[in-house]
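Structural description and commentary
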Amino acid sequence: MNEREELHQHRLYILFPLVSTIRGLIPAIIIFGFNLFNGSLERTTWYWIITGITAAILLLIGYGWLQWRRFVYVLEDHKIVIRRGVFFREELSIYTGRIHSMNMEQPLVQRILGLTQVKIDTPGKSDDGGKLPAVSGAEAERLQRWLRERTAAGSALSDQTEPRNVGSMDTAKQHSETEEYVSSDRTNLRSHNEQTEHLTDVEKTQGTLQTRERYLINDSNDTPLTVTTPEASSVPEKRTVLLQLSAGHLMLAALTSLNISLALAFIAGVFSLADDILPDKLYSRLFQEADHILAGGWITVIALALILAWLLSAVLYTIKYAGFTVERVGKQIAVTCGLLDRKQMFFSPQRVQAVSVKEGLLRQPFCYSEVKLHVLTSESEKSLMLHPMIPMKEVGALLERIVPQYSADTVDTPPPPRSLWLYMRLEAFISIAICAACIWYFKTPGLWSLLLVPISLLWAILTHKDAGIHLQGKQLTIRNRRISRTTKYIRRPQVISLKVSGTRMQRRKNLLSFEVNLISSQYDGKMFCLEQSAVERIWNWYRRSKGTSSNTISTAEEIPK
């Protein structure tokens with residue numbers, strides 16, 4: 001393969017403008033179709049409609065051909081160059097050292113056409129710049145292999161040159177033999193056979209990556225220099241399946257997921273589309289007589305709607321995570337899932353910012369949970385599902401296989417009993433405000449809302465009981481509850497700031513709250529009303545690990561009193 005050859009995407013990319021236009025106009029096409037068959041059109045009108053549609057199709061296909069023709073990408077030694085644009089040309093150079101991962105996705109259109117979309121994740125780049133929308137599956141695999149080979153070559157070269165730098169103590173220990181050779185060689189050159197023996201040891205550490213190395217001797221300081229040129233490996237990469245979810249396990253996970261918000265949004269979209277399609281009189285009549293159609297009136301309608309939303313959420317969950325598989329490919333982890341929109345996402349375990357273990361209301365009594373990884377990508381942060389449904393006792397073994405730097409520690413420092421009333425105060429205030437509004441608007445039937453008061457107080461007690469932390473080495477464990485109980489594992493190197501706060505009432509009770517901030521803006525690591533001594537221990541853990549330099553400490557020098 002000539003790496004500087006200009007490569008085009010698959011020829012079916014020509015149809016993408018046409019397909020995307022039709023997909024965006026589907027609601028309008030449905031509404032137009034209903035209105036078309038309800039009325040009558042003259043023969044001349046039909047002629048102009050067909051002519052206009054044909055002309056639009058030809059224009060979109062022509063524009064697609066121009067897009068395909070002017071969209072090229074070039075693989076160079078240490079970067080990929082993408083050139084595109086019909087009227088305005090754009091050139092994007094992405095260096096391999098800046099690439100976090102190269103993910104393979106198959107949205108519905110690409111899946112129907114048998115194509116793959118390659119998305120290149122780089123820091124601070126969230127648009128579609130580093131994306132190849134339509135390549136074959138074989139080409140996507142080749143691009144993945146190309147990236148991993150360049151990454152391995154860069155790591156090998158870094159390992160060989162790093163012993164010359166004095167600043168890294170860990171690297172100096174790993175390459176102590178090499179440093180000893182370099183220092184002694186300044187007074188007495190070693191033999192060529194010893195250099196060749198050292199070269200063999202370096203090659204063994206590079207695995208399947210084949211290298212051609214030339215050792216040069218600098219006359220001024222007699223230091224051996226290494227030049228490494230990577231070659232494309234013809235040996236297929238080893239893929240190890242770490243986890244594969246069965247159909248029965250996936251269905252059980254779907255029925256206990258309770259993703260009601262997604263289902264309700266889908267139902268709302270269906271009602272909105274029905275409002276546009278159905279005649280106004282029929283739609284109004286169905287809405288007005290809904291409480292008379294079924295026994296029990298609106299209560300039955302609401303119950304059926306919730307059951308329908310639950311079943312619909314299970315169906316959507318199954319479609320999203322069908323074929324869920326976790327594999328190890330080289331030094332990266334690949335997660336593959338999806339029935340209609342199939343995705344294969346690659347990530348390095350070192351880029352995991354935090355781990356979340358979520359126990360839903362239906363799963364917690366049976367000690368089951370789902371595990372998500374917060375991975376640093378071009379979108380700042382992405383919550384990546386690692387296991388949709390796993391017993392709590394097996395979470396530790398799962399983390400040890402995938403992200404061994406994290407451990408499933410248990411919480412040992414809960415909020416003190418005297419902080420319970422602070423948890424109950426906010427819940428009671430919100431529930432009383434809702435009850436007052438219901439009684440004012442509905443009068444006597446609104447008295448039923450008073451049941452919210454004891455329910456909210458019981459929920460506050462449960463929230464207080466489930467909260468807690470654990471601090472061990474470089475890992476902080478935080479457990480709290482909103483609706484589901486969530487346990488979060490955070491490593492110290494990923495923490496960029498620690499915020500400690502406390503109201504006057506909390507400080508009077510020797511209570512403090514804290515918030516941990518990571519690079520990912522969507523992460524929520526908060527803990528409310530802990531013992532002051534526990535928060536001080538976390539504060540000292542943060543400061544001691546971070547050091548005292550001004551550019552690394554982002555909090556105050558002392559905890560506010």
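Residues numbered from 1 in each chain as written. Predicted model: local features only at pLDDT ≥ 70, side-chain atom pairs only at ≥ 80, totals over all residues. Heavy atoms only, no water.

1. Some words on the packing of helix H15 (residues 420-442) against helix H16 (residues 452-466)
Close contact between H15 and H16 brings their axes to 8 Å; oriented N to C, the two are set at 155 degrees. Judged by the angle between their axes, H15 and H16 are roughly antiparallel. When you trace H15 past H16, the crossing you get is right-handed. Contacts between H15 and H16 involve Leu420, Tyr423, Met424, Glu427, Ala428, Ser431, Ile432, Ile434 and Cys435 from the former and Leu452, Val453, Ser456, Leu457, Ala460, Ile461, Thr463 and His464 from the latter. Across the contact of H15 with H16, the residue classes break down as 12 nonpolar, four polar and one charged. (Axes fitted to C-alpha atoms, helices over the stretch in contact; angles between N-to-C directions. Helix = DSSP H or I, 4+ residues; strand = E, 2+ residues; numbered from the N terminus. Parallel < 35°, antiparallel > 145°, perpendicular 65-115°, else oblique. Left-handed = near helix turned anticlockwise from the far one by under 90°. Contact = heavy atoms within 4.5 Å. Nonpolar A, V, L, I, M, F, W, Y, C, P; charged D, E, K, R; others polar.)

2. Side note on the sheet that holds strand E13 (residues 342-347)
What the seven strands build is an open sheet, ordered E7-E6-E5-E13-E12-E11-E10; its pairing is antiparallel. If you trace the sheet from one side to the other, it starts and ends with strand E7 (131-135) and strand E10 (239-244), each paired once. When strand polarity is set aside, the average angle formed by the axes of neighbouring strands in this sheet is 20 degrees. Relative to strand E11 (residues 325-329), E10 is paired through five bridges, and the arrangement is antiparallel. When the sheet's bridge partners are listed, Leu243 is paired in E11 with Val326. Strand contacts of helix H14 (residues 395-402): E10, E11, strand E12 (332-337) and E13, with the helix running at about 35 degrees to E11, the strand carrying the most contacts. (Pairing = 2+ DSSP bridges.)

3. Examining the pattern of salt bridges
Tallying each qualifying case throughout the model produces 13 salt bridges. Here Glu141 ties to Arg239 by a salt bridge, and the two come within 3.9 Å at their closest N and O atoms. Here Glu141 is found in helix H5 (residues 137-161), whereas its partner Arg239 is found in strand E10, with 98 residues between them in sequence. Residues Arg485 and Asp466 are paired through a salt bridge, measuring 3.4 Å at the closest nitrogen-oxygen approach. In this pair, Arg485 is assigned in strand E19 (residues 485-491) and Asp466 in helix H16, connecting sequence segments 19 residues apart. Here Arg485 matches Asp466 in class, with each residue buried. Through salt bridges with shared partners, a single ionic network connects Glu359, Asp466, Arg481 and Arg485. (Salt bridge = Lys/Arg side-chain N within 4 Å of Asp/Glu carboxyl O. Buried < 20%, exposed > 50% of the residue type's maximum accessible area, 1.4 Å probe, protein only.)

4. Description of the sheet that holds strand E15 (residues 368-375)
Here we have six strands laid out as an open sheet, ordered E16-E15-E14-E19-E18-E17, and antiparallel in their pairing. Each edge of the open sheet carries a strand with a single partner, namely strand E16 (382-391) and strand E17 (468-472). Neighbouring strand axes in the sheet, compared pairwise and without regard to direction, differ in orientation by 15 degrees on average. The sheet contact formed by strand E14 (residues 352-359) and E15 spans six bridges and is antiparallel. Within E15, the residue paired with Val355 across the bridge is Leu373. Sheet contacts for H14: E14, E15, E16 and E19; angle to E16, the most-contacted strand, approximately 140 degrees.

5. Quick look at the confidence of the model for the protein chain
When pLDDT is averaged along the protein chain, the result is 76; 69% of the residues meet or exceed 70. Taken as a whole, residues 161-234 scores under 50 in pLDDT and shows 77 contacts with residues more than four places along the chain or in a different chain. Considering only residues more than four positions removed or in separate chains, one finds that residues 547-557, a stretch of pLDDT under 50, has 15 contacts. (pLDDT = per-residue confidence, 0-100.)

6. Looking at the environment of His8
Along the chain, His8 falls in strand E1 (residues 7-8). For His8, a relative accessible area of 29% corresponds to the partly exposed category. Sequence separation between His8 and Phe71 is 63 residues; the distance between their C-alpha atoms is 6.4 Å. What His8 contacts, discounting residues up to four positions off in sequence, is Trp68, Arg69, Phe71, Val72 and Tyr73.

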